[in-house]
Amino acid sequence: MENNPVHDLVVIGAGPAALSAAVYTTREDIETLVLEKGVIGGLAAITDSVENYPGFPDGISGLELADRLRAQAERFGTKLEYGDVTKIENGSDVKKAYTADNKEYLAHTLLIATGNNYKRLEAEGEKEYYGKGVHYCATCDGPLYKGKRLVAVGGGNSAAQESLFLAKLVDHIDILIRKDQWRASDILVERIAKTPNITVHFNTEISQIVGEGNFVKRVVAKNNQTNQNVEFATDGVFVFIGLIPNTQFLAGSGIELDERGFVKTNEHLGTNILGIFCAGDVRSGATEQIASAVGEGATAALTIREYLDQVPARKHGDHPHRSMQTDSRTYSAA
Amino acid sequence: MPKSITIFTTNTCAYCVMVERFLDMKGLKYEIVNLDEQPELQQEVLEMSGALTVPITVVTKQDDSKEVVIGYNIPRLAPAVA
């Protein structure tokens, strides 16, 4: 493709890890393009309140944190574009990223920071009522249920946090948890216990979402201890049962994934392909915390800086000695 | 160029902000209807789109035909507002 520039770095994804990396790389004069198909800020942006991100003693809304991260990255020259990356390739001298609208992006380095997406229940009726009674984003669609009754599904931090947000809006929430206890942190569980319009049902697995016309009316669940069916009347179902990695676009790329589909890296956040790096929740072993993702973005940026110092086509002159030992593998133009 | 664009949103919807930014980037004007403030319009949105979710973007073309885009869906929104 003519006049297609070779970027120093193309970041795939625009969540906290991606934007943190971009802040670091652009400040180091590493030309950086960020491609995002969804929301700038990733899943963090659709979190009602982030209370455990250091530096914000009163908490901060996910949307505001995402806005601040974006503004900081753009301040140093990061370019953000809409791009749904469907495939990457390790070319002989440059890396390539292809998007759904048939664009080809060339880069000396790629950073995979695509994060996770919500896991589906795979219950009967879930697909049929998606967007009209079945939802995955409380901050988006929760306000449409003011004064109504909801079912929330899941026992982790997201389920607890988002149910607390929904409880401020709706009449009542039944939380269905498959296991016999919460996985969420104690502070959230205590808040749930003190919220009068939330009822928690353990050992309860949802099997069917039943509606009439455009409206959800009830869910059918089973108590996995007694095998008894139990029904909950509801106007909507919010699903928070965990996350799956956004790595489908890596099929056929040669990037090594773990058994759950997350990207494997070394301790410097390099993947098995030299020049392709990974940071944030999509990385195998990630802790799914915004603070960790931001840290990983910074680490990846420093490794990328060292790597780019070795790329002849990108060298602009002598670089200062880097004291940090990062990815020990050596670049080869071959 | 569409005749008009209306985005149905809620106060805390990040995807709605992304739709607004996309239209800003294209230099297009739009009206925002906040369903937090006007919940009485929810039924109308449901009937129009078949979905109870946000964002819903209604693009009115020059011939007064309407295209409804559900969610932050650039592959559908971009040609709808072209």
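In terms of helices and strands, chain A carries seven helices and 17 strands. For chain A, the C-alpha radius of gyration of 22 Å lies close to 20 Å, the compact-globule estimate for 334 residues. Principal axes of the C-alpha set define a box for chain A whose edges measure 70 × 40 × 35 Å. A buried classification covers 47% of the 334 residues belonging to chain A. If you take every contact in chain A between residues at least 6 apart in sequence, the share linking residues at least 24 apart comes to 62%.

The next point concerns the interface of chain B and chain A. Tallying the contact residues gives 22 residues for chain B and 21 residues for chain A. The set of elements that each furnish at least two residues to the side of chain B that touches chain A consists of α1 (14-25), α2 (42-49) and α3 (74-81) of chain B. Split into classes, the residues belonging to the side of chain B that touches chain A amount to 15 nonpolar, six polar and one charged.

Segmentation of chain A into domains returns domain 1 (6-118 + 243-314) and domain 2 (134-239). Relative to domain 2 of chain A, the C-alpha centre of domain 1 of chain A lies at a distance of 32 Å.

All right, on to the pairing of strand β12 (residues 204-212) of chain A then. Working note: regular strand, side chains alternate between the two faces of the sheet. Residues and elements named next belong to chain A. Here β12 runs beside strand β13 (residues 215-223); their pairing, made up of eight bridges, is antiparallel. From the neighbouring strand, glutamate 205 faces β13, where its bridge partner is lysine 222. Hairpin remark: β12 followed by β13, antiparallel, with two residues in the connecting loop; positive phi at glycine 213, about 60°.

All names here are of chain A. Val11, Ala21 and Leu111 are the most contacted members of the largest nonpolar core, which totals 115 residues. Among the elements that line this core, the one with the most residues is helix α7 (residues 290-309), at eight residues. Counting contributing residues, this core receives three or more from each of domain 1 (6-118 + 243-314) and domain 2 (134-239). Other than its neighbours up to four places away in sequence, valine 11 contacts Ala18, Ala21, Ala22, Thr32, Val34, Leu35, Leu111 and Ala113.

The end-to-end C-alpha distance of α1(B) is 17 Å, a good match for the 16 Å that twelve residues give at a rise of 1.5 Å each. Packed against the buried residues of α1(B) are α2 (42-45), α3 (62-75) and α4 (138-141) of chain A together with β1 (4-9), β3 (56-60) and α3 of chain B. Positive backbone phi, approximately 70°, marks B:Gly27, located one or two places after α1(B).

All names here are of chain A. Put simply, helix α1 (residues 16-27) and α7 touch, their axes get as near as 7 Å, and they point 40° apart. Taken together, the axes of α1 and α7 lie oblique to each other. Between α1 and α7 lies a crossing of right-handed hand. In this structure, α1 contributes Pro16, Ala17, Ala18, Leu19, Ser20, Ala21, Tyr24 and Thr25 to the contact, and α7 contributes Ile290, Ala293, Val294, Glu296, Gly297, Ala298, Ala300, Ala301, Leu302, Ile304 and Arg305. Looking at side-chain class alone, the contact of α1 with α7 contains 14 nonpolar, three polar and two charged residues.

Basis of the calculations
Residues numbered from 1 in each chain as written. Chains lettered and ligands numbered in written order. Predicted model: local features only at pLDDT ≥ 70, side-chain atom pairs only at ≥ 80, totals over all residues. Helix = DSSP H or I, 4+ residues; strand = E, 2+ residues; numbered from the N terminus. Rg over C-alpha atoms; globule rule 2.2 N^0.38 Å. Buried ≥ 20, exposed ≤ 12 C-beta atoms within 10 Å, placed from the backbone. Contact = placed C-beta atoms within 7 Å. Nonpolar A, V, L, I, M, F, W, Y, C, P; charged D, E, K, R; others polar. Domains from an automatic or database assignment. Pairing = 2+ DSSP bridges. Core = buried A, V, L, I, M, F, W, Y, C linked by C-beta atoms within 7 Å. Expected span 1.5 Å × (residues − 1). Axes fitted to C-alpha atoms, helices over the stretch in contact; angles between N-to-C directions. Parallel < 35°, antiparallel > 145°, perpendicular 65-115°, else oblique. Left-handed = near helix turned anticlockwise from the far one by under 90°.

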